[in-house]
Every structure is written in structure tokens, then in C-alpha cells.
Amino acid sequence: MAYADDCSGFARLKLVRFLLSLVSIFVLAHFLGSMAARIVGGDCAGPFARYAIFHLLGFRYVGKVLHRSQVSPRSLLGPIPAEFSLKKMVGLLWGSLTVNLGLAYLTVVMWMTFFGPQLLEILGGFEATSIMTAVVQFVGVVLLAPIFEEFVFRGIIFGYALQRWNDKTAIILSALLFALGHAPNLLGPLVGGLILSLLYVRTRTLVAPMLVHMANNLFGFLMGIGDIFDSTTASLLLETTDRTHLVIVGITLLTVGLWPLIYFVKDSLKPKSIDLEG
């Protein structure tokens, strides 16, 4: 059955209400997580409460939206097409990770240039991650978040835009909202959102963008655990007057990572647009 036939119920979705509900759940989860951290203490209670409450309420709400729209989660997931090979998935993953790392280098340079001493306060606030906190963050960031976010952005929001407009508008809208959901870091999520949306169009299954999303978050998780962004690191960055090497590394990573992405985008645009008439 065609994607558009399965998801025609999304045409009745109130998008603004849907987004505001998700924001409310996010705010409530962070508020309750902060309270849990104060009451229980320790560095694990807060993250555990935030991730648990947000995903518990979030998945419940998404389930209700799918039920009201008469769309089954299984119809959104779908099987991985046989023609989408492991080689393409690895190339896409390599390009996505490399481009994100390149953008991270360039973002650090931008922050150092425009914010200066404020960067020391931001990065100096990070502390070494305990084992329990790392486990909680792994489950929340690497496993649960990609599944939830793909259902929201590539599933519901993409399906809503597809029913009202066309696949190109759906790609752009879902990517923009995905980036806004990761503010203030907008550039990387915007590129990632476009890639994940194109991957969804190309494969017609949420499984593929979920796997790429998980791998990308795993990379960020591994880069972030431990005492990586401590005050000493921040001080060394700020004292570096010649940031040319950082720019060179960032541009090099972007160049290396872009060619598999460009190939994937060209390949994704070859098939016809999704047919709304099935």
C-alpha cells in the first residue's frame, strides 16, 4: 500500500497544537527532572527523570495522535527495501558523521570569534560523566530519542506536510522543525534533518533514518562522555590566536563527507515524487 494512502489521516492534524503539546511535555519533563535532582541528589537522578518522563509522555501522546489519525506505527516503519544496500547505508552514515564533525569544528571557531570569554563559562560547566549517568544518557540519547524523533518529524510532521502539499515541502518543513527542536545548534540538525528526510523518501521506511540517527547520536555521545569539555580545554581554545588549523580541519571534513551525501541526494531525487493517489 502506498505511503500516502496509509497516512491520509494526517491531513486532519492540527500542527501548531501538536508542536505546542510536544513543547509542553519537554518543559514539564525538564521541570520534574530538576525537582528530582534536588530531592534525590546525585548526578543521575535529573537526567533519568527527564528522559523517563519525556519519553513516557511523548510516546503516549504520539500514540494517541497516530490513533486519532488512524495511522498504525507499523505502516510508518515499513520494511527496508531490498534495493537499499548496506553499502549505501554505510556511505550515508560516513558522510553524515563526517559533515557533522566538520560543522562542529566550524561552530567552535564561530563561538570563539563571537562569544570569546563566554565560551569558557559554557564549556567549563561540563563535568566528568559518571558511569550511571552515561548509561542513562546512552539509553535516552542514542536509543529512545532517535526512535521518538523519527516518528515525530519523519512520520507525523512529514506525513502532515505530504498530505497538504508535496514531498519537497515535506522534506523542507520536517527538516526546519527538526533543526528548531535542537536549538540553539541549528546548522548541523538542519543538514541532518534534510538527509534523514531524503533517506525516508528514498526508502519509504522509518527504520533507515532511525538507524542513521542512532549512529549519529552515538558518535556525539562518545565524543561527549568523560571530561572532554572541561575548563582547561576551554582555556586552551580561547588562548589559541591562530584558528586557521581549526577552519582547515572543518572544511576538510566537510569536503570528505559531502561527496557520499551528494551522491545519495542525486540518487534520491531520481525516483518520482510520492504519488498522493497511490
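**What to know about the overall build of the protein**
Move 1: For the protein, the count of helices and strands is 12 helices and zero strands.
Move 2: For the protein, the α and β elements follow one another from N to C terminus as α-α-α-α-α-α-α-α-α-α-α-α.
Move 3: Taking all 278 residues of the protein together, 41% fall into the buried category.
Move 4: The contacts of the protein with a sequence gap of at least 6 include a subset with a gap of at least 24, amounting to 83%.
Move 5: When the accessible surface of the protein is summed, it comes to about 15200 Å², and 70% of that surface belongs to carbon and sulfur atoms.

**Looking at unusual backbone geometry**
Move 1: One non-glycine residue, Gln70, lies in positive phi territory at about 60 degrees.
Move 2: By the secondary structure assignment, Gln70 is in the loop between helix H3 (45-68) and helix H4 (73-77).
Move 3: What makes Gln70 exposed here is its relative accessible area of 66%.

**Topic: the environment of Ile195**
Move 1: With respect to the helices and strands, the residue Ile195 is situated in helix H9 (residues 187-203).
Move 2: For Ile195, a relative accessible area of 9% corresponds to the buried category.
Move 3: For the pair Ile195 and Ala175, spaced 20 residues apart in sequence, the C-alpha to C-alpha distance is 8.5 Å.

**Things to note about the packing of helix H8 (residues 167-180) against H9**
Move 1: Relative to each other, H8 and H9 sit at 140 degrees, their axes nearing to 8 Å. By the angle class used here, H8 and H9 are oblique. Pair H8 / H9 crosses with right-handed handedness. On H9, the residues that touch Ile171, Ser174, Ala175, Leu176, Phe178 and Ala179 of H8 are Pro189, Leu190, Gly193, Leu194, Leu196, Ser197, Leu198 and Val201.

**Some thoughts on H8**
Move 1: Under the 1.5 Å per step criterion, the end-to-end length of H8 is 20 Å for 14 residues, consistent within 8% with the ideal 20 Å.
Move 2: For H8, every residue scored as buried is listed here: Asp167, Ala170, Ile171, Ser174, Ala175, Leu177, Phe178 and Ala179.
Move 3: With a side-chain oxygen lying 3.2 Å from the backbone nitrogen of Lys168, the N-terminal cap of H8 falls on Asn166.

**A few points about the nonpolar core**
Move 1: Ranked by internal contacts, the top residues of the largest apolar core, which has 44 residues, are Phe10, Phe18, Leu76, Val152 and Ile156.
Move 2: Element by element, the count of residues in this core is highest for helix H7 (residues 131-164), at 10 residues.

**Focus: the pattern of salt bridges**
Move 1: Tallying each qualifying case throughout the model produces one salt bridge.
Move 2: The salt bridge involving Arg154 is made with Glu150; its shortest N-O contact spans 2.8 Å. Of the two residues, Arg154 and Glu150 are both situated in helix H7; the distance of four residues between them amounts to about one turn of the helix. Both residues of the pair, Arg154 and Glu150, count as buried.

**As for H9**
For an α-helix, the turn length of 3.6 residues means that residues three or four places apart are oriented alike.
Move 1: With 17 residues, H9 extends 24 Å from end C-alpha to end C-alpha; this agrees with the ideal 24 Å at 1.5 Å per step.
Move 2: With 13 of 17 residues buried, H9 lies mostly within the body of the structure.
Move 3: Two residues or fewer past H9, Arg204 is found with a positive phi of approximately 60 degrees.

**Examining a positive patch on the surface**
Move 1: Residues Lys14, Arg17, Arg60, Lys64, Arg68 and Arg164 make up a contiguous surface patch of positive charge.
Move 2: Considering every element that reaches the positive patch, the biggest residue donor is H3, with three residues.
Move 3: Within the secondary structure, Arg60 is located in helix H3.

**Digging into a nonpolar patch on the surface**
Move 1: Together, Leu28, Phe31, Leu32, Met35, Ile39, Val40 and Leu57 line one region of the surface with nonpolar side chains, adding up to about 650 Å² of accessible area.
Move 2: The biggest single contributor to the nonpolar patch is helix H2 (residues 15-40), with six residues.
Move 3: Positionally, Phe31 belongs in helix H2.

**With respect to the packing of aromatic side chains**
Move 1: Tallying each qualifying case throughout the model produces seven aromatic pairs.
Move 2: Look at Phe26 and Phe54: their rings are 6.1 Å apart centre to centre, the planes differ by 85 degrees, and that puts the pair in the edge-to-face class. On the criterion of sequence distance, the pair formed by Phe26 in helix H2 and Phe54 in helix H3 is long-range, its members being 28 residues apart.
Move 3: On the basis of relative accessibility, which here comes to 17%, the residue Phe54 falls in the buried class.
Move 4: Between the aromatic rings of Phe158 and Tyr200, the centroid separation amounts to 5.3 Å while the plane-to-plane angle is 65 degrees, which identifies the pairing as edge-to-face. Residue Phe158 is located in helix H7, and its partner Tyr200 is located in helix H9; the two are separated by 42 residues in the primary sequence. With respect to class, Phe158 is no different from Tyr200; both count as buried.
Move 5: A network of ring pairs unites the aromatic residues Phe26, Phe54, Phe59 and Phe148 as a single cluster.
Move 6: Above the plane of the ring of Phe178 lies Arg154, whose end atom (NZ or CZ) is 4.6 Å from the centre.

Parameters at a glance
- Residues numbered from 1 in each chain as written.
- Predicted model: local features only at pLDDT ≥ 70, side-chain atom pairs only at ≥ 80, totals over all residues.
- Heavy atoms only, no water.
- Helix = DSSP H or I, 4+ residues; strand = E, 2+ residues; numbered from the N terminus.
- Buried < 20%, exposed > 50% of the residue type's maximum accessible area, 1.4 Å probe, protein only.
- Contact = heavy atoms within 4.5 Å.
- Areas by Shrake-Rupley, 256 points an atom, 1.4 Å probe, with all protein chains shown as cover.
- Axes fitted to C-alpha atoms, helices over the stretch in contact; angles between N-to-C directions.
- Parallel < 35°, antiparallel > 145°, perpendicular 65-115°, else oblique.
- Left-handed = near helix turned anticlockwise from the far one by under 90°.
- Expected span 1.5 Å × (residues − 1).
- Polar contact = N/O pair within 3.5 Å; in protein donor to acceptor, adjacent residues only side chain to side chain.
- Core = buried A, V, L, I, M, F, W, Y, C linked by side-chain atoms within 4.5 Å.
- Salt bridge = Lys/Arg side-chain N within 4 Å of Asp/Glu carboxyl O.
- Patch = residues over 30% accessible without salt bridge, like charges linked within 9 Å, V, L, I, M, F, W, Y side chains within 5 Å.
- Lys, Arg positive; Asp, Glu negative; His and termini not counted.
- Charge placed at Lys NZ, Arg CZ, Asp CG, Glu CD.
- Phe/Tyr/Trp six-rings, centres within 6.5 Å; stacked < 30°, edge-to-face > 60°.
- Lys NZ or Arg CZ within 6 Å of the ring centre and 35° of its normal.

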